[in-house]
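# Secondary and tertiary structure notes
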Amino acid sequence: MSELNDAHRSPLVTGDKTLGDVTRDICAPMDARPSGLWWAAFFVSFVALLVGAAAVWYQIATGIGTWGLNKTIGWGFDITNFVFWVGIGHAGTLISAVLFLFRQKWRTAVNRSAEAMTLFAVMCAGIFPLIHMGRTWLAYWMVPYPNTRGSLWVNFKSPLLWDVFAISTYLAISAVFWYVGLIPDLATIRDRSQPGWRKRITSILSLGWDGSARTWHRYETVYMLLAGLATPLVFSVHTIVSMDFATSVIPGWHTTIFPPYFVAGAIFSGLAMVITLMIIARKTMHLEDYVTMKHIERMSLLMLSMGCIVGLAYGTEFFMAAYSGNPYEQFVFKNRALGPMSWAYWTMVTCNVLVPQLLWIKKVRTTLPLVFVIVILVNVGMWFERFVIIVTSLHRDFLPSSWAHYVPTTIEIATFVGSFGLFFTCFLLFCRIAPAIAIAEVKGAAHLKKHASTTTPVEEQAA
Amino acid sequence: MVRRSTPRSIVRCVTIERPLMNNESHNKYWKSLTERDGSSPERDVIPQDGVPFGISRRRFLEAAGFTLSLATMQGCGRTPTETALPFVQQPEGVIPGRSQTYATTCAGCSAGCGLLVKVRDGRPLKMEGMPEHPLSHGGLCAIGQALPLGLYDSHRLQHPLKDGESTEWDDVDQAITQQLSEIESGGGAVRFVTSTVTSLTLQASIDTFLERFADSCHITFDAVSSSAILDAHEQTHGSRVLPRYRLDLAHVIVSFGADFLGTWISPVEFTSAWRSRRVPTAEHPEMSYHVQLEGRMSLTGSNADHRIRLSPDEYGVVLSHLYAKLSQQAGESADRDELGAAPISGEELTALAERLWEARGESVVLCDSSDVAVQILVNGINHLLDNYGKTLDIAHPSRQRQGNDSDILDLINELKAGKVTALFVAGTDLTHNLPDRDGLAEAIGKVSLVVSFSERLDDVSSLAGFVCPDHHPLESWLDAEPVNGVIGLLQPLLAPLGNTRSVVESLARWSGKDDSAYDILRAHWEQSVFPRAESEESASFVSFWDQSLHDGFVEVAPTEEPAGEFQTDAVSFMEDTPAADYCLSLYSKVGLTDSRHAHNPWLLELPDPVTKVTWDNYVCVSPAKASELDLTDGDVVRIESTGTDVVLELPALVQPGQHDRVLAIALGYGVKGTDRFADVGPQWLEARPTVDPGQLVGKNAASLIKARDGMLSYARGNVSITKTGKRHELASTQEHHSLEVPARVAPPGAEKRDAVQETSLSAFAEDPTSGTPEVHHFGDAQLWPEDHPKTGYAWGMAIDLNACTGCSACVIACQSENNVPIVGKDEVRRQREMHWIRLDRYYSGEGDDVDVSHQPMMCQHCDNAPCETVCPVLATVHSEEGLNEQAYNRCVGTRYCANNCPYKVRRFNWFEYPHDDDLQNLALNPDVTVRSRGVMEKCSMCVQRIEEGKIEAGRLGQPLADGQVQTACQQSCPAQAIVFGDMNDPESAVSKALENPRRYGVLEEFNFRPAVSYLRMVRNREVDEASDDHAHDEEGGGHV
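### Things to note about the overall build of chain A
- Looking only at helices and strands, one finds 16 helices and zero strands in chain A.
- Taken over C-alpha atoms, the radius of gyration comes to 23 Å for chain A, in line with the 23 Å a tight globule of 463 residues would show.
- Taking the principal axes of its C-alpha atoms as reference, chain A extends roughly 80 × 55 × 40 Å.
- Within the span of chain A, comprising 463 residues, buried residues form 53% of the whole.
- Across chain A, the fraction of contacts at a sequence separation of at least 24, relative to all contacts at a separation of at least 6, is 83%.

### Considerations on helix H5 (residues 159-192) of chain A
- Taking 1.5 Å as the rise per residue, H5 of chain A with 34 residues should run 50 Å; its terminal C-alpha atoms sit 48 Å apart, in good agreement.
- Along H5 of chain A, the largest kink reaches about 45° and is centred on Ile-183 of chain A; proline Pro-184 of chain A follows within four residues of it.

### Re the interface of chain B and chain A
- Listed as interface residues are 51 residues of chain B and, on the opposing side, 49 residues of chain A.
- Secondary structure elements with two or more residues in the side of chain B that touches chain A: strand E33 (838-844), helix H27 (866-870), helix H28 (896-899) and strand E37 (907-908) of chain B.
- A breakdown of the residues in the side of chain B that touches chain A according to their chemical character gives 27 nonpolar, eleven polar and 13 charged.

### As for the sheet that holds strand E14 (residues 420-426) of chain B
All names here are of chain B.
- Strand order in this open sheet of seven strands is E5-E4-E16-E15-E14-E6-E7, and the pairing throughout is mixed. One side of each edge strand has no neighbouring strand; the edge strands of this open sheet are strand E5 (165-166) and strand E7 (215-220).
- Relative to strand E15 (residues 449-452), E14 runs parallel, the two sharing four bridges. The residue of E15 that forms the bridge with Val-425 is Ser-452.

### Describing the packing of helix H8 (residues 258-284) of chain A against helix H9 (residues 293-324) of chain A
All names here are of chain A.
- As a packed pair, H8 and H9 sit with axes 9 Å apart at the nearest point and diverge in direction by 150°. Accordingly, the angle class assigned to the pair H8 and H9 is roughly antiparallel. Considering how the two elements wind past one another, H8 and H9 form a crossing that is left-handed. From H8, Tyr-261, Ala-264, Gly-265, Ile-267, Phe-268, Leu-271, Ala-272, Val-274 and Ile-275 reach across to H9, where they touch Ile-296, Met-299, Ser-300, Leu-302, Met-303, Met-306, Gly-307, Ile-309, Val-310 and Ala-313.

### Considerations on the confidence of the model for chain A
- With 92% of its residues at a pLDDT of 70 or more, chain A has an overall mean of 84.
- Note on residues 1-8 of chain A: pLDDT under 50 across the span, and two contacts to partners over four residues away in sequence or across chains.

### Describing unusual backbone geometry
Residue and element names in this part refer to chain B.
- A positive phi is found at Asp-163, a non-glycine position, where the angle reads about 50°.
- With respect to the helices and strands, Asp-163 occurs in the loop between strand E4 (161-162) and E5.
- Positive phi outside glycine occurs at Arg-1009, with the angle close to 55°.
- With respect to the helices and strands, the residue Arg-1009 is situated in the loop between strand E40 (999-1000) and strand E41 (1012-1015).

### Here we look at helix H19 (residues 503-510) of chain B
Residue and element names in this part refer to chain B.
- Of all eight residues in H19, seven are buried, a share of seventy percent or more.
- All of the buried residues along H19 are Val-503, Val-504, Glu-505, Ser-506, Leu-507, Ala-508 and Trp-510.
- Structurally, H19 contributes buried residues whose contacts are with helix H7 (169-186), helix H8 (200-211), E14 and helix H20 (517-529).
- At the C-terminal side of H19, Gly-512 shows a positive phi close to 85°.

### Description of the domain arrangement of chain B
All names here are of chain B.
- Entries for chain B in the domain assignment read domain 1 (7-64), domain 2 (102-151), domain 3 (161-220 + 403-483 + 492-551), domain 4 (243-398), domain 5 (580-732) and domain 6 (754-773 + 794-1033).
- Computed over C-alpha atoms, the centres of domain 2 and domain 4 are 30 Å apart.
- At the junction of the two partners, domain 2 supplies eight residues and domain 4 supplies seven residues.
- Classifying every residue of the side of domain 2 that touches domain 4 gives five nonpolar, three polar and no charged.

### Considering the sheet that holds strand E11 (residues 306-309) of chain B
All names here are of chain B.
- The strand order across the open sheet formed by four strands is E11-E10-E9-E12, and the pairing between neighbours is parallel. Looking at strand neighbours, the two that pair on one side only are E11 and strand E12 (363-367), the edges of this open sheet. Mean inter-strand twist for the sheet, computed between neighbouring axes without regard to direction, equals 10°.
- Across five bridges, strand E9 (residues 252-256) lies against E12 in parallel orientation. By the bridge assignment for E12, Ser-255 is matched with Leu-366.
- With respect to the sheet, helix H13 (residues 346-358) is in contact with E9, strand E10 (289-294), E11 and E12, its orientation differing from that of E9 by roughly 135°.

### Notes on the environment of Pro-821 of chain B
Residues and elements named next belong to chain B.
- Here Pro-821 is to be found in the loop between helix H25 (809-817) and helix H26 (825-829).
- Taking the C-alpha atoms as reference, Pro-821 lies 9.8 Å from Leu-924; in sequence the two are 103 residues apart.
- The contacts of Pro-821, once residues within four sequence positions are left out, are Met-834 and Tyr-913.

Thresholds, definitions, all that
Residues numbered from 1 in each chain as written. Chains lettered and ligands numbered in written order. Predicted model: local features only at pLDDT ≥ 70, side-chain atom pairs only at ≥ 80, totals over all residues. Helix = DSSP H or I, 4+ residues; strand = E, 2+ residues; numbered from the N terminus. Rg over C-alpha atoms; globule rule 2.2 N^0.38 Å. Buried ≥ 20, exposed ≤ 12 C-beta atoms within 10 Å, placed from the backbone. Contact = placed C-beta atoms within 7 Å. Expected span 1.5 Å × (residues − 1). Bend = angle between axes of the 7 residues up to and from the residue. Nonpolar A, V, L, I, M, F, W, Y, C, P; charged D, E, K, R; others polar. Pairing = 2+ DSSP bridges. Axes fitted to C-alpha atoms, helices over the stretch in contact; angles between N-to-C directions. Parallel < 35°, antiparallel > 145°, perpendicular 65-115°, else oblique. Left-handed = near helix turned anticlockwise from the far one by under 90°. pLDDT = per-residue confidence, 0-100. Domains from an automatic or database assignment.

This is the structure in structure tokens:
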């Protein structure tokens, strides 16, 4: 790893830390009893999760009619939330795998939580296609498995089936990648723990990690390979999700620009969510020295560039509609901007294109409260992007007789809230039971004071 | 356990085993020479593994497992034990599970259409039109289609009631007979009120019954009467008759408010006749010319070639002008000076008169006015036009409306004066359908004997001392002579479900006779009908009866009505009435007519063909008036009858094409007992009741009927309208009402969509393909090879938009055939109605005068179906015969198919729709699955009928003939607008229709390749820019 440039850049870890400090700081939340703030956050999240679970239970017991959908608009909050969460799940892999391959060392401070976030976001995402089915209990029919119903197979032409493969693959790879990255840190925890259940569990999970050069070698090889495997997924998952729409015939959905547009949007929203979480985490868990302004600023810049791509895509859609000569296509886009749901469209444009432009200003992207507001708005905007694509395209399609309006029900809103509940509950638990920052990687990437004697990170762990 | 291996695998298995067997002891023993000298494989199959007791371990485990699982399954049984008894003696021709068709006559209204009823295992299931019937020609309206739900209605009375208590017939008979004999001896007025009685036998029974009493009278009251027409003919022709209108002979039809395609007198008959003159071909580009002058937007007006907005209180003036113009044409002098200004332009009037005059003897003027003077003018015009004896037959008149308003008003006075001793009410909810309900109820309270024959506890029955429930028409023996000379028979199609009794039988009992309805009917036919029979085949009464019963109707010699000469003196011009602020028009709604079907949820959920609103009645106001009063759909307004305390609060509905001064309210709503529908449809957290607490379905507007000069006036002035500020959300199935997209979001050059294509007759004459929009076609290029070769049948459908009136009979036909659930008002409001056929209704045109187009839209069974590719589990697939099939069992409910359907014809089961009413469940068609929640459904092109037809043809060893399979919608379309059949057969009707130059496919340019085609609509107009697809914009451009 080239470290030549790093001398000219601001340090990745501030606060004059030693290797031992890093371990202690990062493991501190796991050792201490949870703070009041954590309990409060957990309580709110868990209540939200329970509300969502109750809503899902009610909806499965009663019927999809408890959602605000109708004969014209067959997807609303359900698929909007699905795409939204899948999108959020993108930043994790991007930061872990792509930035790893590009040797972006600043990723070390955020990759662990980004990966965890990915995992939880994909879990949230996966729930929606499941519960959106009229007969959820038959969801396994989406899987091609040998069965006794004659030669009854799944429809390999259906993008929804591709989704099943894409999402499950992504979830599996993300989980493995996250776990593999955790192994050295699990060994650290193991070594720090008093004999007891924690030690026993981490002993098993760290797979006999002994910090030897051979272990490190194997680890780095696997990690590199997994990064290589995961990288195409960053692009493929959302490409396939976008094909749910792109391969259909509905104006506003049927467009070839969707794969890159969706991928850029996904990374955009994922980064926004990572920044949101990191700003909260560094504040609540006192990790200011590890997640520095430098990290925030770099991610902001990455987000800005993605926001510009997204903005370009919005413009391109309009150009293509005008250029296509297809009156139905033209209508859909005019209707988006000026029709009854134009408020959603303009919310989207404002949040995703206009607001992020503020990040060109260094003062803005280094002022935490401002960045926080911007990323929250981007999250909102990206949710609306999916809503606009799904609902405004459906609500007025070919035959004016079938035009309809969509209003979500309380059950739908509760389910949406519940997905946030699940996400944050998982994330808060993660912060308590695993190091939120990759200890080993930070040590490897940052120039730290080598305490007392000159030890390698490996030795440090053993200590 | 049965071995599952195939013979071939057994052989293979044996060849492996054989060396072993040969080496073992078995080679010493053999049963035959072939076995020893080279055994045949079949012989070796017998397992000979030398286990004692002849059972192997494997066999034992199989048997044990089988026994265990069987025992387990036995224990799991959830079905209750039911005993099915087979027929001890199987009725002739009845095969369990197969439907029989019986001919009878529809009694949904007094029009008397021919009915073919599919009966299966003893229950009538599906009403079909009778193609041979001389009036209905195979058509049947929504009401006729909805009869089964009326039959299987758990709210029908099961027993006679005495003072509101269930009792036995003997008690009722005893009590009534006693009272009647007191009246007979002691005197007293007996009044028998019925709705129009077309039944000869019932009429005779009533007459016989009333003969005993010194002061007795049979009064006919129609909830929406045509009394004025009959009264006018009494004055002009000396005989109180309703002419039989022959629209099939009319080349020019001018209707003043008469909704003859929707609700007026005999809509199916008129639709069929009207349609027969609406088929322009390239060789004969001719069509009848239909002008509608009306205040509200009726279904008929929506189909007119030229529609003139005219308030009902102006009919008289315009008719006077028309009469004057025509008498001038006829060379008769008419004093025109007394005529005021006409509310329509002089040119329009002249053009109208010229068109009528040109078509003398081939024209007809119709009017629904309840004003006798207006109807006399109409008669005068028809007389001037020489239409009597041609398009209007008064020698062989119609019996479909016999109501007499002055009689009923006299009765009310008698009742109020306490002069009536006994009142019998049959076939009409008297108090519900008349104004001043409370006053009338109080007056009825003075009558000592009140007997109602109502099927259910309606308003008048609740006032009656005795309720003697009549059978449902499908349980009755009866007859009907809707038009002089055409007599239909009604036969019972199942044993009465309750302890009910037909009116004829009740009357016989009270006259001391024990005859059954069948005996009475047959005796009456032998006496009165058989002598009129003309056919030579009917040598004996028995064969005549059997044949009539088989056919369901008989054509006999009409009785000549003595029609006098036309009395010109009767005609007097009507002054220009001072324009009132408002003219309130009370109308009957398509699919409901009057209150008698208000308990039928199919009809209540049927979207009105024009407004598309379900489950409510409302006040229609014109757009201009609505903006003046600041009203939008669902704003509750208060309608007050000036000078009285009659007030009605109803939601408003903005109706394009309505006259600005006209307010229109549908009758037949607010019926007692309809609060039962409060919890129809799914019940869940946010569900709102179909009927608000303490309310009924809609409100009864009969209180606003004005009784004056011996007439019940359904159009009246002296009303005021005020906005209350309250809201009542209406449930409409269509949100956007035009093919034009909102101007704000319309792409330039594509403001209007061409789902409905139309042209004018003059343009059509020049170029039969005129009206084709210029769109980019991608040709027939296929990206992939044809994967549905359709070598056998290729089912297809063609719908003639020029014939379709939008009457919505097909919607109910489909609902009945395909077990489409009722979802309730809240679900309709959420746009989740389940009807497989949607009748799209679009307005077009600028300004106040609008054109209307109706388009039935159902699954188009596309060859390149967008729904099929996206289903992840292959639940919707293409059949070898070109059908897009939905496998409910396989569907997991992703709704992706519905999203990707460009026609939005797929319907999702959002909930488990209630099927708790066991009686109502009898109306379900056993050929069609009842769908569970979470699955998608849609039009199947009645695949069950196709399969039934194919099986039957196969059984007979014949090819399936064209027309042998008819979809439910096609079968009973009164306008015969739908053609269905095999597109691979070049001679089939559908193949012929596809060659029609008017053919087009909706959204064809996207290459979905729909199997449903439409035939372009032709309006009888002269438009210069014929090929311009915006021809419709030039409203009234043709004029006359």
